[in-house]
Amino acid sequence: MVVMRDPVIQVEGLRCSYGDFEAVRGVDFEVARGELFGLLGTNGAGKTTTLEAVEGLRRTSGGVVRVLGSDPVADRKAIRPRIGIMLQDSGFPADLTVAEMVAFWRETSTRTSDADAAIEALDLGHRRDVRIKQLSGGERRRLDLLLATLGGPEVLFLDEPTTGLDPESRLRVWDVVRGLLANGTTIVLTTHYLEEAEALAERIAIMHRGRIAVAGRVADVLARQPARIGFDVPAGFDVGVLPMLSGDVVHEPSGRVEVRTAELQRDLGDLLDWARADGRVLTGLRANHASLDDVFHAVRADGKAVTR
Amino acid sequence: MILALSRTEWTLLLRNKTAASLALGMPLLIGALLVANGSSDWTFTITLQLVMMLGFTVYMTVTTSLVARRQDLYLKRLRTGEASDPVVITGLLVPTTLLGLAQAVVLLGVTTFAGAPLPDRPLMLVLAVVGGAAMCCAIGVATTGFTSTPELAQITTAPFFFALLGGAIWPLVADSVDLRMLLVPGGPLAVLVKAAWGGPTDHVGPAAVALAAWVAIGCGLAVRLFRWEPRA
């Protein structure tokens, strides 16, 4: 693991159990000041448990957690004023209005903040005097984010911040997150939307069954997975006529050839040269680098793979 | 911080009509009926008023509202903020407790106006009211541990509520106080109220100890049983 200059969060050998079930089985990661670290994983992989342990909401059964240099449970009083937490599911008193909830949350915080500006920033201005029980799911989630970010915490934890949001609301949340990053906020985000991690995260870790299966910079993690080339072929096509490619060639029953290759440029070049020489048109041709989807599926398919 | 929590809790209490009518209306209604009925035994009336206040306004409201806040995942949210766990709980308990104390004052005022004498030993009365409120808060928090929904609170609060009521009536109707009566939660309260209005004081010491013990038991159970999140 790369030793960081200024780690804001350090997690070593973290373990958490629910009774006999060990949900987190030895997780290590560090988050540097000002970066966005994405924690991804299959459902039940232990993302939320890990996050709640780092936030100091859950007792651990092993390992060390440091947030801003301190223990989040023992030094809660010192740490809490400096962090913001958006849980995956937490509720509101249904009978308060948006403005009342924000005002109340400001009073319980030692950070100074501008309630009206915060309400406007998350597009809740027209809903400020509406009771929370009348808000839509997306509006509640934005209010959730508003409270977590109120007063500009140094470290922000976002547990699936855009789950259940429509695309427009999601982009708005992304804008808010990017704005916080630009201001130097350190962010840990869990998500099961891979495009969200690709859009926002510098580094990611993918959890599977309580452990980190893959971790690193997004580009590096993607580079470890083979790229794909695909095109349609007529019925009765014999893949034997294709030129020698470095990647694996699969002729799918749907009448499509898929090539998985670590040498995208070379294989694509060879393929195009062959097609031109042969006078063929490759319909439905696609060539792309691995996506996080591919990494995700690889992790799922090979649960034991531990790539560090 | 406690003030902000309490003010919000007070707002929520008033905006929930069922909870508000239970906490505000019930003890006053029953208290007024007791007075309207007329009484030759003012100690009996006052003890029952006090027990109604403690049972409905403090005990049942504490349990019901904490369970409702937990079910709404609002308690979970409060834990993500800067307030410590004891501050959160205290903040949520303050409004109901103050409401109960205010009702005690109102009921005593009405009862006095209706002809009841003033207490000879007001300190005993204060001890009963404050000790009783502390006991009901603590047991109320503990009761949330085996109450999964606010609706269920009507059932889960019944045993302690009746122990409070029955325990208070027992020393009032018995010829003499014996120590068993002090073991039931309402018993010490009745003994203290009796003593406040000129009754015998020989059991005041044990009653105070018994009340303190109930507060301690309640706190112990509360710490053990209280949960911040609904069971998954």
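Look up: the structure comes first, before these words.
A quick note: this is a predicted structure, and the numbers were derived from the prediction, not measured.

**Examining the environment of Pro 27 of chain B**
Residue and element names in this part refer to chain B.
Step number 1: Looking at where Pro 27 falls in the secondary structure, it is placed in helix α2 (residues 17-36).
Step number 2: Along the chain, Pro 27 and Val 184 lie 157 residues apart, while their C-alpha atoms are 21 Å from each other.
Step number 3: When near neighbours in sequence (up to four residues on either side) are disregarded, Pro 27 contacts Met 52, Met 53, Phe 56, Thr 57 and Gln 103.

**Remarks on the sheet that holds strand β2 (residues 21-32) of chain A**
Residues and elements named next belong to chain A.
Step number 1: Within the open sheet, the 3 strands sit side by side as β2-β1-β4. Their pairing is antiparallel. The open sheet has two edge strands, β2 and β4 (62-67), and neither has a second partner. Neighbour-to-neighbour, the strand axes of the sheet open up by a mean angle of 20 degrees, direction not taken into account.
Step number 2: When strand β1 (residues 7-18) meets β4, the two strands line up antiparallel, connected through 5 bridges. Residue Gln 10 lies in a different strand from β4, and its bridge partner there is Arg 66.

**Some words on helix α3 (residues 42-71) of chain B**
Residue and element names in this part refer to chain B.
Step number 1: If you check α3, its first and last C-alpha atoms are 42 Å apart, about what 30 residues at 1.5 Å a residue would give, namely 44 Å.
Step number 2: Among the 30 residues in α3, 27 count as buried, and that is most of the element.
Step number 3: One or two residues past the end of α3 sits Leu 73, with phi positive at roughly 60 degrees.

**A word on the packing of helix α1 (residues 2-15) of chain B against helix α5 (residues 85-113) of chain B**
Residues and elements named next belong to chain B.
Step number 1: Contact pair α1 / α5: the axes reach a minimum separation of 7 Å and the direction vectors enclose 45 degrees. When the axis of α1 is compared with that of α5, the two are oblique. For the pair α1 and α5, the crossing hand works out as right-handed. Two secondary-structure elements touch here, α1 through Ile 2, Leu 5, Ser 6, Glu 9, Trp 10 and Leu 13 and α5 through Val 87, Val 88, Thr 90, Gly 91, Leu 92, Val 94 and Pro 95.

What counts and what doesn't
- Residues numbered from 1 in each chain as written.
- Chains lettered and ligands numbered in written order.
- Predicted model: local features only at pLDDT ≥ 70, side-chain atom pairs only at ≥ 80, totals over all residues.
- Helix = DSSP H or I, 4+ residues; strand = E, 2+ residues; numbered from the N terminus.
- Contact = placed C-beta atoms within 7 Å.
- Pairing = 2+ DSSP bridges.
- Axes fitted to C-alpha atoms, helices over the stretch in contact; angles between N-to-C directions.
- Expected span 1.5 Å × (residues − 1).
- Buried ≥ 20, exposed ≤ 12 C-beta atoms within 10 Å, placed from the backbone.
- Parallel < 35°, antiparallel > 145°, perpendicular 65-115°, else oblique.
- Left-handed = near helix turned anticlockwise from the far one by under 90°.

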